[in-house]
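Tertiary structure, described
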Amino acid sequence: MSTSIERKIPRLKPGLRYTLDRDRGVWLLHTQQGTLLPPPESTEIMGLLDGQRDVGAIVDHMADSSGRARAEVAAEVARFLADLQQRGVILLQ
């Protein structure tokens, strides 16, 4: 992953919210078009999109918590964030 992207801070686009439905135990993404149920494997990354952490900090957290190689995690996070950006869910600033 390029270091320039690691310094970017991913944020949900204005008007979107990510909340926990405690009754069902799932995270939901609320958009202007409706509510989406993100795939379970995205839950941890989505929970780290707090507007404070940069991509590098997200990768570090994910690598540390999983015990996996940082380079492998960085590639997965980069793909996931690129997909979210393409779908109009996040901004990378």
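Structure shown above.
Residues numbered from 1 in each chain as written. Predicted model: local features only at pLDDT ≥ 70, side-chain atom pairs only at ≥ 80, totals over all residues. Heavy atoms only, no water.

1. Looking at the pairing of strand 2 (residues 17-21)
Summarising the sheet, strand 2 and strand 3 (residues 26-30) pair through five bridges and their orientation is antiparallel. Paired with Tyr-18 across the two strands is Leu-29, which belongs to strand 3. Counted along the chain from strand 2 to the antiparallel partner strand 3, the turn is four residues long, and its residue Gly-25 has a positive phi close to 70°. (Pairing = 2+ DSSP bridges. Helix = DSSP H or I, 4+ residues; strand = E, 2+ residues; numbered from the N terminus.)

2. Concerning the layout of surface pockets
The space that makes up the largest pocket amounts to roughly 530 Å³. Forming the boundary of the largest pocket are 28 residues, of which Ser-42, Met-46, Phe-80, Asp-83 and Leu-84 lie nearest the centre. Taken together, the elements giving at least two residues each to the lining of the largest pocket come down to helix 2 (43-48) and helix 4 (70-86). Take the lining of the largest pocket: its biggest share by element is seven residues, from helix 4. When the residues that make up the lining of the largest pocket are grouped by side-chain class, the tally is 15 nonpolar, six polar and seven charged. (1 Å grid on protein atoms, 1.4 Å probe; cavity = no way out; pocket = protein on both sides within 12 Å on 5 of 7 lines; lining within 4 Å. Points joined across faces, edges and corners; volume = space filled by probe spheres on them. Nonpolar A, V, L, I, M, F, W, Y, C, P; charged D, E, K, R; others polar.)

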